[in-house]
Protein chains: 2
Amino acid sequence: MQIKELGEFGLISRLTAGLTAANTETHLGVGDDCAVLHYGEERDILVTTDLLLEGVHFDLQYTPLQHLGYKSAMVNLSDIYAMGGRPRQLTVSIGISSRFSVEDMELFYSGLSRACQAHGCDIVGGDTTSSRTGLTISITAIGDVAAGQAITRRGARPNDIICVSGDLGAAYMGLQLLEREKAVYNQQLQEAIDRGQKPDELPPFEPDFAGREYILERQLKPEARADIVKALADAGLRPTAMMDISDGLSSELHHICSQSNTGCRIYEDRLPLDYQTAAMAEELNLNVTTCALNGGEDYELLFTLPLTDHDRAAALPGIKVIGHMTPPGQGLLLIGRDGAELDLKAQGWNPLAT
Amino acid sequence: MQIKELGEFGLISRLTAGLTAANTETHLGVGDDCAVLHYGEERDILVTTDLLLEGVHFDLQYTPLQHLGYKSAMVNLSDIYAMGGRPRQLTVSIGISSRFSVEDMELFYSGLSRACQAHGCDIVGGDTTSSRTGLTISITAIGDVAAGQAITRRGARPNDIICVSGDLGAAYMGLQLLEREKAVYNQQLQEAIDRGQKPDELPPFEPDFAGREYILERQLKPEARADIVKALADAGLRPTAMMDISDGLSSELHHICSQSNTGCRIYEDRLPLDYQTAAMAEELNLNVTTCALNGGEDYELLFTLPLTDHDRAAALPGIKVIGHMTPPGQGLLLIGRDGAELDLKAQGWNPLAT
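What counts, and where the lines are drawn
- Residues numbered from 1 in each chain as written.
- Chains lettered and ligands numbered in written order.
- Predicted model: local features only at pLDDT ≥ 70, side-chain atom pairs only at ≥ 80, totals over all residues.
- Heavy atoms only, no water.
- Helix = DSSP H or I, 4+ residues; strand = E, 2+ residues; numbered from the N terminus.
- Buried < 20%, exposed > 50% of the residue type's maximum accessible area, 1.4 Å probe, protein only.
- Polar contact = N/O pair within 3.5 Å; in protein donor to acceptor, adjacent residues only side chain to side chain.
- Contact = heavy atoms within 4.5 Å.
- Axes fitted to C-alpha atoms, helices over the stretch in contact; angles between N-to-C directions.
- Parallel < 35°, antiparallel > 145°, perpendicular 65-115°, else oblique.
- Left-handed = near helix turned anticlockwise from the far one by under 90°.
- Nonpolar A, V, L, I, M, F, W, Y, C, P; charged D, E, K, R; others polar.
- Salt bridge = Lys/Arg side-chain N within 4 Å of Asp/Glu carboxyl O.
- Pairing = 2+ DSSP bridges.
- Least-squares fit on C-alpha atoms with pLDDT ≥ 70 in both.

Chemist: How do you make sense of unusual backbone geometry when you look at a structure like this?
Modeler: Working note: non-glycine residues mostly have negative phi, and peptide bonds are mostly trans. With a phi angle near 55°, A:Tyr299 is a residue other than glycine that sits in the positive phi range. The topology assignment puts A:Tyr299 in the loop between helix H9 (288-294) and strand S10 (300-305). For A:Tyr299, a relative accessible area of 9% translates into the label buried. A positive phi angle, near 55°, is found at B:Asn261, a position not held by glycine. Relative to the elements of secondary structure, B:Asn261 occurs in the loop between helix H7 (249-260) and strand S9 (263-267).

Chemist: Looking at this structure, how should I read the side chain of A:Thr326?
Modeler: Residues and elements named next belong to chain A. With respect to the secondary-structure elements, Thr-326 resides in strand S11 (residues 319-326). Look at Thr-326 and you get buried, because its relative accessible area is 4%. A polar contact is formed between the side chain of Thr-326 and the backbone nitrogen of Cys-264, at a distance of 3.1 Å. Those residues in contact with Thr-326 that sit more than four places away from it in its chain are Pro-158, Asn-159, Thr-262, Gly-263, Cys-264, Arg-265 and Gly-331.

Chemist: Help me out: how do you make sense of the packing of helix H4 (residues 170-194) of chain B against helix H8 (residues 275-283) of chain B in this one?
Modeler: All names here are of chain B. At their nearest, the axes of H4 and H8 sit 9 Å apart, and the two run at 45° to each other. The pairing of H4 with H8 is recorded here as oblique in orientation. The crossing of H4 and H8 is left-handed. For the pair H4 and H8, the contacting residues are Ala-170, Met-173, Leu-177 and Arg-180 in the first and Thr-277, Met-280, Ala-281 and Glu-283 in the second. Partitioning the contact of H4 with H8 into residue classes produces five nonpolar, one polar and two charged.

Chemist: Would you mind going over the pattern of salt bridges with me for this structure?
Modeler: It is possible for side chains bearing opposite charge to pair when their charged atoms get close. For the structure on display, the rule yields 40 salt bridges over all chains. Note that A:Asp59 is salt-bridged to A:Lys182, the shortest N-O span being 2.4 Å. With A:Asp59 in the loop between strand S3 (43-53) and helix H2 (65-81) and A:Lys182 in helix H4 (residues 170-194), this residue pair connects regions lying 123 residues apart in the sequence. Its relative accessible area of 21% is what places A:Lys182 among the partly exposed residues. Close ionic contact of B:Arg218 with B:Glu300 constitutes a salt bridge, the shortest N to O distance being 2.8 Å.

Chemist: I would appreciate a short explanation of the sheet that holds S11(A) in the present structure.
Modeler: Strand pairing within a sheet occurs via backbone hydrogen bonds; the two strands may be parallel or antiparallel. Residues and elements named next belong to chain A. If you trace the seven strands from one edge of the open sheet to the other, you get S8-S10-S7-S11-S9-S12-S13, paired in mixed fashion. Here the strands that pair on one side only, and so sit at the sheet edges, are strand S8 (241-245) and strand S13 (341-343). Going from strand to strand, the sheet's axes swing by 25° on average, the running direction of each strand aside. By the bridge criterion, four bridges tie strand S7 (residues 161-165) to S10 in an arrangement that is antiparallel. Opposite Ile-161, over in S10, you have Leu-305 as the bridge partner. Together, S7, S8, strand S9 (263-267), S10, S11 and strand S12 (332-335) form the strand contacts of helix H7 (residues 249-260), whose direction differs from that of S8 by roughly 155°.

Chemist: Before we go on, may I ask you to explain the pairing of S10(A) in this structure?
Modeler: In regular strands, side chains alternate between the two faces of the sheet. All names here are of chain A. Most of S10 is tucked away, with six of its six residues classed as buried. Burial of the side chains of S10 extends over both faces: Glu-300, Leu-302 and Thr-304 are buried on one face and Leu-301, Phe-303 and Leu-305 on the other. One ladder, built from five bridges, connects S8 with S10; its direction is antiparallel. Of the residues in S10, the one forming a bridge with Asp-244 is Leu-301.

Chemist: I'm lost on helix H8 (residues 275-283) of chain A in this one. Help?
Modeler: The periodicity of an α-helix, 3.6 residues per turn, causes residues three or four places apart in sequence to face the same way. All names here are of chain A. Among the residues of H8, Gln-276, Thr-277, Ala-279, Met-280 and Ala-281 are the ones counted as buried. Elements that come into contact with the buried residues of H8 comprise H4, helix H5 (213-220) and H9. The N-capping residue of H8, defined by a side-chain oxygen 2.8 Å from the backbone nitrogen of Gln-276, is Asp-274. Just downstream of H8 lies Asn-285, where phi reads positive at about 60°.

Chemist: Before we go on, may I ask you to explain the sheet that holds strand S2 (residues 35-37) of chain B in this structure?
Modeler: Residues and elements named next belong to chain B. One open sheet holds the six strands; their spatial order is S1-S2-S3-S6-S4-S5, and the pairing between them is mixed. Among the strands making up the open sheet, the edge pair consists of strand S1 (26-28) and strand S5 (122-130). Neighbour-to-neighbour, the strand axes of this sheet turn through a mean angle of 20°, independent of strand direction. Pairing of S2 with strand S3 (residues 43-53) involves three bridges; the strand directions are antiparallel. In the strand pairing of S3, Leu-37 is matched with Ile-45. Across the sheet, helix H3 (residues 102-118) lies against strand S4 (86-96), S5 and strand S6 (136-146), angled at about 170° from S4, the strand it touches most.

Chemist: Any chance you could explain the relation of the copies chain A and chain B here in plain terms?
Modeler: What relates the two chain copies is a rotation about an axis together with a slide along it. Between chain A and chain B, the superposition needs a rotation of 180° and an axial shift of 0.0 Å, giving an RMSD of 0.0 Å. Viewed as a symmetry operation, the transformation between the two copies matches a two-fold axis. Within chain A, A:Gly40 has its C-alpha nearest the rotation axis, a separation of 2.7 Å. Comparing interface residues between copies, 100% of those in chain A also lie at the interface in chain B; the contact surface is shared.

Here is the structure:
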């Protein structure tokens, strides 16, 4: 059977189906943002890991190594925050092809270190090896949370409100912009070569990024939402379920509804969008709602709260109530601007389809 | 600067030079088999990670996926045992190219699961993605040890005896045998193609592995030495320093001597060798001592004990006393069978040189 028939989550389900925990320390295993390990009375340990491969997850033609280091850390820290935890340690494994210099790796590490410092996280180990092919990055983050207080994807109930932090779709639009400018550059380069010019005779390429700084930063240098976890705690709000939006809002809602055994209704006119996201979508003739639902790489937090918390949640800056959970069997629905009900399809990025 | 000028440990030193721990939970960071994290009063947490890349660390032409899964787990479990710890959890990230089927990944996972079950370890998470190139495997193992009892590389003192478990050099000789038979097969295949035959018209290739089963198993299916950690504990023996032998005995002795600030003397005639290792080395015209010192991938334990423990250690099955530590400045020496003193060079496998 071909792997793409199953998709990432189907494959993981199949491979991990027979697993049972041998250790009482294993409180929560495969299937959430982090594993939850119970090693002491006061705190639980959170563990998450991400594998980033050149050509699949990043393109070094337009990704500065410093930003790549920063983002590699952030995508893992984001998973710790998505459990309501605090990141503490990171391990960093890198496979390096011979085209990289020591200075390149120092740039990568400086971005990584800056991300760790900003979030009070220590780099405690890793592995360094050569790669015959592209740059390979594998990071594991470890964090902690008060015992029993990790926020999973399982706890949402019908009538809970659905909230997201920040705005959606910007990272995806940033990626589209980078890909467009890359194509322009590569075309100019090819034309020059066809004319018999050497690449270094060309004037420096100036990509058209004016007024698009926000979406570029969202793609290249995302920030894990430690501030939202803190704001919720300060306001005494405890999400019933939470996860980070890495694959796209639709896909993540499917996870929460499936694991909490609920349906959901979200409202198109409540989706938080930045002006640049909308403008870029229009320029590229893309449906901005589709980008917000399925774009991925937002690294915002998606969470549910009891209905009684609505007013306090809505009053918090940077948080938007986009809908509510429903009983199981009522489907996962997007209510359009015209009131039409559409099925929410989990067509977020499939890392096994590329 | 080219990375190979620095080598793996030079590069790691340079990249991690400025790191300071922000968390009191970070007890020991980069530079040992595992990081040691202090999250509770009773137990410390151990974390280790390894990145395995196709074409660098393994060759799928002769490595069954089930064995690869088993070995991928073992190399990490070995690092937990090398701290005197007990493995508890594992995360598994894999980058899969399109040539693999679901069934292939099930084979890989079955080997991985078998290794975990044999060592009472739970698979608690990971990441699964496509790879544009070869198979990528990144595993992180988590274990525990009584608080303050992790055995580092730092504690050896002059006059401590140096011990190794099992025997050395066999995994390397197994690799040489596999590479030889691969070359024979590829040559037969090429000759058949040159004759106009189709590969599937050839009789099945029968590699010449008779009487070499042990060295093949050492290469393809190594076993982490949980039994040695238990035997030492049962005998009341507490190593002053310990690590596992993954890069080769010479390289590991350099780490322990450097971190413990000692020299060492080991004796060529004390190096534990299996008969198959010696026979294979002779057949390939290789110096068996060099293979034992620098072969790597033995996944045996190298440890030091106070001199007063000599008789009890020497009485334990599967443990050999190979020499003793010396004061700093006295060098790292191999005493040959003829009594000559040779400098021990750390010419173990350099993962950044390939």
